[in-house]
Amino acid sequence: MKVKCVVFTLAAATSLLSMFQARADEGMWLPALISQRIADMQAKGFHLTAEDIYSVNQASLKDAVVLFGGGCTGELVSDEGLLFTNHHCGYGYIQRHSSVEHDYLKDGFWAMNRSEELPNPGLTVRFLERMEDVTPQVLEGYDAKMDEETRAELVRKNSEKIRETAVKDGKGLKASVEALYYGNQYFLFVFREYRDVRLVGAPPSSIGKFGGETDNWVWPRHTGDFSIFRIYAGKDNMPADYSEDNVPYRPKKSLKISLAGVKEGDFTFVYGCPGSTREYVHSAEVDYVANVSDPQKIALRTTRLDIMKKYMSQSQAVRIQYSSKFAGVANAWKKWQGEEKGIRKMNTVAEKREFEKGFEAWAKGKPCEGITDTLASLYARRNPVFRAYEYYNETVRAIEKLQMASGRPVSAKDYYRPIDEETFTAMMTAFDKGLDDCYKPEYFLKSRERFASMEEWKDAVFADSLEAKNLAEALNTHYSKVIAPQVNSLGRRINLANRTYMKAQMEYCKDKTFYPDANLTLRVAYGHVRGYSPADGVSYNPVSTLTGIIEKDNPDIFDYNIPQTLRDIYARGGYEAQPVCFLATNHTSGGNSGSPVLNADGNLIGINFDRVWEGTMSDYVFDPDFCRNISIDVRYILFTIKEIGHADYLLDEMTFVK
Ligand code: ARG
Ligand code: ASP
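To keep things clear, this report deals only with the structure shown in the data block. Please read all numbers here as calculations on a predicted model, not as lab measurements. (Residues numbered from 1 in each chain as written. Chains lettered and ligands numbered in written order. Predicted model: local features only at pLDDT ≥ 70, side-chain atom pairs only at ≥ 80, totals over all residues. Heavy atoms only, no water.)

1. Observations regarding the overall build of the protein chain
What counts is decided by this rule: A run of DSSP states H or I qualifies as a helix once it reaches four residues; a run of E qualifies as a strand once it reaches two. Both are numbered from the N-terminal end. In this treatment the radius of gyration is a C-alpha quantity, and the globule benchmark scales as 2.2 Å times the residue count to the 0.38 power. Note on classification: 1.4 Å probe, protein chains only; a residue is buried when its accessible area is under 20% of the maximum for its type, exposed when over 50%, partly exposed between these limits. In what follows, a contact means two residues having at least one pair of non-hydrogen atoms within 4.5 Å. Reported accessibility uses the Shrake-Rupley method at a 1.4 Å probe radius. Residues are deemed covered only where the shown protein chains occlude them. We score Asp and Glu as negative and Lys and Arg as positive, and we do not count His or the chain ends. Charged side chains are reduced to one point each, which is NZ for Lys, CZ for Arg, CG for Asp and CD for Glu.
In terms of regular secondary structure, the protein chain is built from 21 helices and 22 strands. For the protein chain, the C-alpha radius of gyration of 26 Å lies close to 26 Å, the compact-globule estimate for 658 residues. For the protein chain, with 658 residues in total, the buried portion stands at 57%. Of all intrachain contacts in the protein chain linking residues separated by at least 6 positions in sequence, the fraction that spans at least 24 positions is 76%. On the protein chain, roughly 27200 Å² of surface is accessible, and the fraction owed to carbon and sulfur atoms is 52%. Separation between the mean location of the 82 positive side-chain charges and that of the 90 negative ones in the protein chain comes to 3 Å.

2. Looking at the state of the cysteines
Convention followed: Any cysteine sulfur atom paired with another within 2.5 Å is treated as part of a disulfide.
In this structure the tally under the stated criterion is 1 disulfide. Between the sulfur atoms of C72 and its disulfide partner C89 the distance amounts to 2.2 Å. Across the S-S bond linking C72 and C89, the dihedral sits near -75 degrees, which makes this disulfide left-handed. Of the two residues, C72 sits in strand 2 (residues 72-76) while C89 sits in helix 4 (residues 87-96), which places them 17 residues apart along the sequence. For the pair C72 and C89, a shared accessibility class is recorded, and that class is buried. There is no disulfide at C627, and the cysteine sulfur nearest it, in C581, is 19 Å away.

3. Side note on the packing of helix 15 (residues 417-434) against helix 17 (residues 454-463)
The relative placement of two packed helices is expressed as an angle between their axes plus a distance between the axes. The condition that has to hold: Orientation is described by lines fitted to C-alpha atoms, with helices fitted over the stretch in contact, and by angles between N-to-C directions that extend from 0 to 180 degrees. An angle below 35 degrees is read as roughly parallel, one above 145 as roughly antiparallel, one from 65 to 115 as roughly perpendicular, and any other as oblique. In this scheme the crossing of two helices becomes right-handed for a clockwise turn of the near helix relative to the far one and left-handed for an anticlockwise turn of less than a right angle. Nonpolar residues are Ala, Val, Leu, Ile, Met, Phe, Trp, Tyr, Cys and Pro. Charged residues are Asp, Glu, Lys and Arg, and all others, Gly as well, are polar.
Contact pair helix 15 / helix 17: the axes reach a minimum separation of 10 Å and the direction vectors enclose 135 degrees. With respect to each other, helix 15 and helix 17 are oriented oblique. Note on packing geometry: the crossing formed by helix 15 with helix 17 is right-handed. Here helix 15 contributes R417, D420, E421, F424, T425, M428 and T429 to the contact with helix 17, which in turn contributes M454, E455, W457, K458, V461 and F462. Within the contact of helix 15 with helix 17, the residues separate by chemical class into 6 nonpolar, 2 polar and 5 charged.

4. A short note on the pairing of strand 1 (residues 65-68)
We apply this condition: By the convention used here, strands pair only if DSSP detects at least 2 bridges between them.
The two faces of strand 1 match: V65 and L67 on one face and V66 and F68 on the other face are all buried. Of the strand pairs in this sheet, strand 1 and strand 2 are connected by 4 bridges, and their pairing is antiparallel. Looking across to strand 2, one finds that V66 is bridged to G74. Connecting strand 1 to the next strand, strand 2, in antiparallel fashion are 3 residues, including G69 with a positive phi near 60 degrees. Across 3 bridges, strand 1 lies against strand 6 (residues 125-133) in antiparallel orientation. Across the sheet, L67 pairs through a bridge with R126, a residue of strand 6.

5. Concerning the side chain of S176
Just so we agree on the cut-off: Counting of polar contacts relies on pairs of N or O atoms within 3.5 Å, with two restrictions inside protein: one atom must be capable of donating a hydrogen and the other of accepting it, and residues adjacent in sequence are counted only when both atoms are side-chain atoms.
In this fold, S176 is placed in strand 7 (residues 173-180). Polar side-chain contacts of S176 include one of 3.1 Å to the side chain of E178. Not counting residues within four places of it along the chain, the set of residues in contact with S176 comprises R163, F187, L188, F189 and F191.

6. What to know about the site of ligand 1
The condition that has to hold: If even one non-hydrogen atom of a residue comes within 4 Å of a molecule or strand, that residue is called near it.
Every residue near ligand 1 is listed here: H88, K209, G212, E213, N216, W217, N331, F609 and D610. A distance of 3.0 Å is found between a nitrogen atom of ligand 1 and a side-chain nitrogen or oxygen belonging to N331. D610 has a polar side-chain atom sitting 2.8 Å from a nitrogen atom of ligand 1. Notes on ligand 1: free accessible area 340 Å², of which the protein chains cover 84%. Contributing elements (two or more residues each) for the shell around ligand 1: helix 9 (212-215) and strand 20 (604-611). The class makeup of the residues in the shell around ligand 1 is 2 nonpolar, 4 polar and 3 charged.

7. Section: the site of ligand 2
Around ligand 2, the surrounding shell consists of H88, W217, S589, G590, G591, N592, S593, F609, D610 and R611. H88 has a polar side-chain atom sitting 2.8 Å from an oxygen atom of ligand 2. One of the side-chain nitrogen or oxygen atoms of S593 is found 2.4 Å away from an oxygen atom of ligand 2. When ligand 2 sits alone it has 270 Å² of accessible area, and the protein chains cover 88% of it. Among the elements that line the shell around ligand 2, the one with the most residues is strand 20, at 3 residues. Across the shell around ligand 2, the residue classes tally to 2 nonpolar, 6 polar and 2 charged.

8. Looking at the packing of aromatic side chains
Put simply, the rule is: Any pair of Phe, Tyr and Trp rings, taking the six-membered ring for Trp, is counted once the centres come within 6.5 Å. Such a pair is stacked with planes under 30 degrees apart, edge-to-face with planes over 60 apart, and tilted for the rest.
If you walk through the whole model with that rule in mind, you get 35 aromatic pairs. For the pair F46 and F269, a centre-to-centre distance of 5.1 Å together with 70 degrees between the ring planes defines the contact as edge-to-face. Here F46, found in the loop between helix 2 (38-43) and helix 3 (50-53), pairs with F269, found in strand 13 (residues 267-272); they are 223 residues apart in sequence, far enough to count as distant. For F46, a relative accessible area of 3% corresponds to the buried category. Seen in terms of ring centroids, Y532 and Y540 are 5.1 Å apart; in terms of plane orientation they differ by 70 degrees. Their pairing is edge-to-face.

9. Looking at the side chain of N608
Mapped onto the fold, N608 is located in strand 20. Assessed through its relative accessible area of 2%, N608 is described here as buried. At a separation of 3.1 Å, a polar atom in the side chain of N608 contacts the main-chain carbonyl oxygen of N592.

10. Some words on helix 13 (residues 371-394)
Note the following rule: Expected span of a helix, by definition, is 1.5 Å for each gap between consecutive residues, and there is one gap fewer than residues. Here the bend at a residue means the angle between the axes of two seven-residue stretches, the one that ends at it and the one that starts at it.
Between its first and last C-alpha atoms helix 13 spans 32 Å; for 24 residues at 1.5 Å apiece the expected length is 34 Å, and the two agree. N383 marks the point of greatest bend in helix 13, at about 35 degrees, and the proline P384 comes within the next four residues.

See below:
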C-alpha cells in the first residue's frame, strides 16, 4: 500500500512506512461494509462476493454465524440447527451437567439421539438480522458545544428509541447501538435470540483441553477445542422457551464442510465476534500497558499461581477444586507476557510517538491541533489512579475470604482455605507495598498499626468474620467511591479526546482504510494459512497432526494424558497424518473463539480458538510476521465425533464438499 499520509520528516516517513505498509492481513471488518474490502479479498484468493458474506435480501454466510453465550462465536453446520463452538466456550455448560457418576468434562458427552440432548437454561445464541449506520439518528439534537456528559446522555436516549423501534413486532428480537471509531459513527445491530440450545456432544477434556495451560497460547498445538450444540425453536421456527415440543431450528444458511484440507498459502477468513482491540490509541496508553500494567499484573498473578500450584500438586482433590480458577488466572497472565514482549519488540511506543509528531505538524492550525498533547496529559493523570484500580482488581478481589465477606458467592465446594490464607498474606502485602497510602482506605491504615505482621493480620481476618467484613467493606467502598469514579471520569475525557483524535487520524491518513476497533460486533478477518518463525533458526509449520499428540502423550503429565482409545487408534496405524490444528494470519481477538474459519469458497475448514503467544500484542499492534490465529482442523472434529464419540449419526446431517 502506498502511504499517502502527509509526511514531514525523514524519521516520520520511515515510521509511517513501517506503521502502515507491511500490514497485510491486519483488520477486522464490518460485514455490512465488506464491499470496500472485497476486491482485496478476491485479489488474495477469495472466490465469493460481498453479498455472499452479508446480505439482507438473501441468505448469506452471516446467517450461519452466531454470538454464542454472550462471549464466544458459533456456527451452524446442518439444516437442523446443529452448531459448533469451542470446548472452552461450552465448558461451563458441560460442567453443569457433570457429576461424580457421569463426569462429562472428564469423559466427554455424546447424545446418541435427539432425546438425549441436554437443555442449558440461560444459554442463548444470537443471529444478526441486520446492521446499519444510524449515526444521524443517534446524534439528533447534538451540538458541538455540548460537554461529554450531556452528549452521552443524548446518545443514550436516542439509542434507546432506535432500539425500541427496531425490536417492535419481532419474536426474540434484540437490538444494540454500538459506537464505532470512539463515537464518530454508530451502528444499529438487530439480532434474533434463540434460548433453547442443547448440548449434543463434547470430547473428553483430555482431547478438548489437551495441552491445558502448558500449551495455551502456544504453537505447536494439538487441542481438540470443540463442542457441539443444537438450537431449538417453536413450530414457527421462531425463538421459544425450552419445551419438549420445540423442534430443531432450520437456519437460513448452514455451512458446508470442506474435506479438501488446508495447506500453506491457502486463503482463509474468520467470521466472528472479536471482543476488544485498541489499535489507534495514543502512545501513552500503549506505554502504560507494556511498561506498567502488564508487568504489574503478571507479577501479582505469578505469585497467586505459584500458591495454587503448590497446593494443587499436593492433592488431587485440590487440583479439581482449583483447576477452573487456575485456568482463568493463567489465561490472561500468559497472554499479557506475550503482549508486553510483542509491544516492545514492535517498538510501538516509539513508533506511535513518531507518528504523533508527524500528525501534530499536519494538524497545525486545524481544530484538532494539540489533541495528542491533550491525550498525553489526560493519560498522565489517569495512569496512576488506573494503576491503583488494577491493583485492587488483582489483589483485593483475588482473596476469596474478602469476596465472601462482601456477600459475593464463592462456591464452598471449590474452596480450600490454606490457598486463600496464603493468597491473603501475599496479596495484601503486595497491595500495601505497591500502592501509595493515598489509595488506601483509612480503616486499612489504622488496622495496619494494630497488627505486628501481615501474618497476624491474616490470622485475625480468618478467625473473626467481623474483622474480615470490616476490611472488605472498607476496601470495597474506597474502590467504588474513590478510585473507580476517578478512573471513569478521566476515562470519559479520554474517550472524548480519542473521538477527535480518531477522526483526525482518518483525515491525516486519507488513503488508509481504517477498520473500527473490535467491540464484540460481527467482523470478517481474512488472511492465509501460514507458519512463522518465532526465533532465529526456528521455523514452524502451519499444520499439526495426531503424531504430535502421540509425541506429547504422557500418562504422568495431566495436560498430556490422552484417552487410551486414542492411543489404540493410533497404534492401529493409518492415522499418522491425521490433521489436528492449523495456523493462519487472520486478525482475531478474545471473543473470536468458536468462530468459523472458512476457505476461498466459504466452506468450513476449521474453528478458531486461540492465537500464538508471540502475536498477542495484536490487540494493540499487528505484526504480520508473528500474529497467527490457531484453529482446530474440521477434519479432527469429524475424526473425534466418529472414533472417540461413535456418534457418526451426526455426520449424516452435515454437507461435505471436496
Ligand atoms: N487462550 C484461549 C482464549 O483466550 C483459550 C483459553 C481457554 N483455555 C485454557 N487453557 N485456559 O480464550
Ligand atoms: N481464546 C480466545 C477466545 O476465547 C481467542 C483469542 O484471544 O485469540 O476468544
